[in-house]
Amino acid sequence: MPGLLERYRPYLPVTPQTPLLSLSEGSTPLIHAPRLSEHLGVELHLKYEGLNPTGSFKDRGMVVAVAKAAEAGADTVICASTGNTSAAAAAYASRAGLRCIVLIPDGNIALGKLAQAVAYGAQIVAVRGNFDEALHLVREISEQRPIALVNSVNPHRLQGQKTAAFELVDELGAAPDILALPVGNAGNISAYWMGFREYLSAGQMETLPRMWGFQASGAAPLARGLDRVEQPETLATAIRIGAPASAHLARAAVQESGGLFDHVSDDEIMAAYHLVAREGVFCEPASAAPVAGLLKLHAEGRLSPGQRVVAVLTGNGLKDPGSAMRAVQAPAAVDATMNAVLASLA
Ligand code: F0G
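Report on the accompanying structure. Note that the structure is a prediction, hence the values are computed from the model and not measured.

This part covers the overall build of the chain. Across its full length, the chain carries 14 helices and ten strands. A compact globule built from 346 residues would reach a C-alpha radius of gyration of about 20 Å, and the chain, at 20 Å, matches this within 12%. With the C-alpha coordinates of the chain rotated into their principal frame, the extents come out at 65 × 50 × 40 Å. Residue pairs at least 24 apart in sequence account for 71% of intrachain contacts in the chain once pairs closer than 6 positions are excluded. Seen as two clouds, the 27 positive and the 32 negative side-chain charges of the chain have centres 3 Å apart.

Right, dumping it as structure tokens:
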């Protein structure tokens, strides 16, 4: 498959001067989840964004943002990140020959994501503060220095991320009834909504889905109707965000689509994370939030049977092995004999 700049070129801000940057991002699988579907009484599909080149949906937006930064003559890009954005920025900047600076909240990003940014050669600054503070800093730095900001407040990011909505419609032949996804800085839900509306205008689909955004209970300003949460807290560190930069767009997406925001506890997120893994799909904790949300709404009798639902699994579980291992006992070692192995299985 070609990368997104080629695949969806007519829908993207690609000019003859835009470098056709690509790591073959996008074209991720849509995987039916039979057991969860049966439990929920709906037709549930998982959009497995963890199979993007750096393991998250961020690659979709980053390929456009970095290509446009290169086109504009930038030599450095910068972002704040809970981990996935920094991995994507570092990879695409490296590929395009640009310098990359990332600010991360010290102690609150999954090890795999940090390893990626290191390996791709980014300059990493761990800030004693949370994501919201780091984002504030990079916005200021990009205003004062000739450095391109590649957080999702950069409109090129949402342009790229909207392609996931196109892929869903291309594959299903129509929009789902409901799109459920995790919400952190609120860029992705806004991008999907933009993508669905554009595809509707282009005559590629006939009905719009309802947008269901799920936040972690300890970091849920949108679901609680607040402007911000001062001290966001959740083990789903990817969405540990108290002041979503695209809150206004996300609220509009939910309102216009007749959707909803809700929040799920860390325990609910981890229960859903294990159920998704039992379908054979490994996602990171934040990505399990929409499945946790569907389970919660089902238990409350708010999920109508028979609907077609897509949950977006935004990131790969391999990025955060710590979360998987925390929940279980590490396997005990036994002697390398048949008896010992069979005895341990009894
Ligand atoms: N899921 C994952 C795995 C994420 O990494 C993020 C955001 C989200 C969901 C939420 O998406 O911010 O568009 O509402 N991660 C950003 C980062 C903040 O820095 O990697 P959103």
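With that out of the way, let us pick up the pattern of salt bridges. If the charged atoms of two oppositely charged side chains come close together, the side chains can form a pair. Applying the stated rule across the entire model yields 14 salt bridges. Note that Glu-300 is salt-bridged to Arg-302, the shortest N-O span being 2.6 Å. The exposure class assigned to Glu-300 is partly exposed, which follows from its relative accessible area of 42%. Under the relative-accessibility criterion, Arg-302 is labelled partly exposed at 44%. Connected through shared salt-bridge partners, Arg-7, Lys-47, Glu-49, Arg-60 and Glu-167 make up one network.

Here the focus is the site of the ligand. As a matter of local geometry, the ligand sits amid 20 residues, with Ser-81, Thr-82, Asn-185, Ala-186 and Thr-314 nearest to it. Within the backbone of Ala-186, a nitrogen or oxygen atom sits 2.7 Å from an oxygen atom of the ligand. In this structure, a nitrogen atom belonging to the ligand sits 2.6 Å away from a side-chain N or O atom of Thr-314. Notes on the ligand: free accessible area 480 Å², of which the protein chains cover 98%.

What follows concerns the packing of helix H3 (residues 58-71) against helix H4 (residues 84-96). Two elements in contact, H3 and H4, have axes whose closest approach is 9 Å; the angle formed by their N-to-C orientations is 40 degrees. Of the possible angle classes, the one that applies to H3 and H4 is oblique. When the axes of H3 and H4 are compared, the crossing they make is right-handed. Touching Lys-58, Asp-59, Met-62, Val-63 and Val-66 of H3 are Asn-84, Thr-85, Ala-88, Ala-89, Tyr-92, Ala-93 and Ala-96, all from H4.

Reading across from one edge, S5-S4-S3-S6 is the order of the four strands in this open sheet, with parallel pairing throughout. The sheet terminates laterally at strand S5 (123-127) and strand S6 (148-149), the two strands that pair on one side only. Contacting strand S3 (76-80) and strand S4 (99-105), H4 crosses the sheet at an angle of about 170 degrees to S4.

Think of a pair of aromatic rings as described by two things: how far the centres are apart, and how the planes are tilted against each other in angle. As enumerated under the stated definition, the model contains six aromatic pairs in all. When the ring of Tyr-11 is compared with that of Phe-166, the centres are 4.8 Å apart and the planes differ by 50 degrees; the resulting orientation is tilted. Placement of Tyr-11 in the loop between helix H1 (4-7) and strand S1 (30-32) and of Phe-166 in helix H8 (residues 163-172) is noted, with a sequence separation of 155 residues between them. On the basis of relative accessible area, Tyr-11 is assigned to the partly exposed category, the value being 22%. When the centroid spacing of 6.2 Å and the interplanar angle of 35 degrees are considered together, the rings of Tyr-192 and Phe-196 count as tilted. A residue pair is termed a helical-turn pair when its members lie 3 or 4 positions apart in one helix, as Tyr-192 and Phe-196 do in helix H9 (residues 187-201) at four residues. Of the residues examined, Tyr-192 reaches a relative accessible area of 1% and is grouped as buried. By relative accessible area, Phe-196 is classed as buried at 0%.

Cut-offs used in this document
By convention here, each chain's residues receive numbers from 1 onward along its written sequence. Per-residue local features of the predicted model are confined to residues with pLDDT of at least 70, and side-chain atom pairs are confined, for both listing and counting, to 80 or more; whole-chain, interface and lining totals are unaffected and use all residues. As a rule here, side-chain values cover all heavy atoms of the structure and leave hydrogens and water aside. Under the scheme used here, helices are H or I runs from DSSP no shorter than 4 residues and strands are E runs no shorter than 2 residues, and both carry numbers assigned from the N terminus. Radius of gyration: over C-alpha atoms. The globule rule applied is 2.2 Å multiplied by the number of residues raised to the 0.38 power. Every residue pair with non-hydrogen atoms within 4.5 Å of one another is taken to be in contact. When charges are counted, neither His nor the chain ends are considered; positive counts come from Lys and Arg and negative counts from Asp and Glu. To locate a charge, take atom NZ for lysine, CZ for arginine, CG for aspartate or CD for glutamate. For this analysis, a salt bridge means a side-chain nitrogen from Lys or Arg found within 4 Å of a carboxyl oxygen belonging to Asp or Glu. Between buried and exposed lies partly exposed: a residue is buried under 20% and exposed over 50% of the maximum accessible area for its type, with that area taken using a 1.4 Å probe on protein chains only. Being near a molecule or strand, for a residue, means having at least one of its heavy atoms within 4 Å of it. A 3.5 Å cut-off defines polar contacts: any pair of N or O atoms within that distance qualifies, except that in protein one atom must be a possible hydrogen donor and the other a possible acceptor, and neighbouring residues in sequence count only when both atoms are side-chain atoms. Per-residue accessibility takes into account occlusion by the displayed protein chains alone, with areas from the Shrake-Rupley method and a 1.4 Å probe. Here, axes are lines fitted to C-alpha atoms. For helices the fit covers the stretch in contact, and angles between N-to-C directions go from 0 to 180 degrees. Each angle receives one of four descriptions, namely roughly parallel if under 35 degrees, roughly antiparallel if over 145, roughly perpendicular if within 65 to 115, and oblique otherwise. Take the far helix as your reference; a near helix turned counterclockwise from it by less than a right angle gives a left-handed crossing, and one turned clockwise gives a right-handed crossing. Strand pairing follows a simple DSSP-based rule, namely that at least 2 bridges must link the two strands. When the centres of two rings from Phe, Tyr and Trp lie within 6.5 Å, Trp using its six-membered ring, the rings pair. Their planes under 30 degrees apart give stacked, over 60 give edge-to-face, and anything left gives tilted.

Don't take any of this as a statement about function, it's just geometry.
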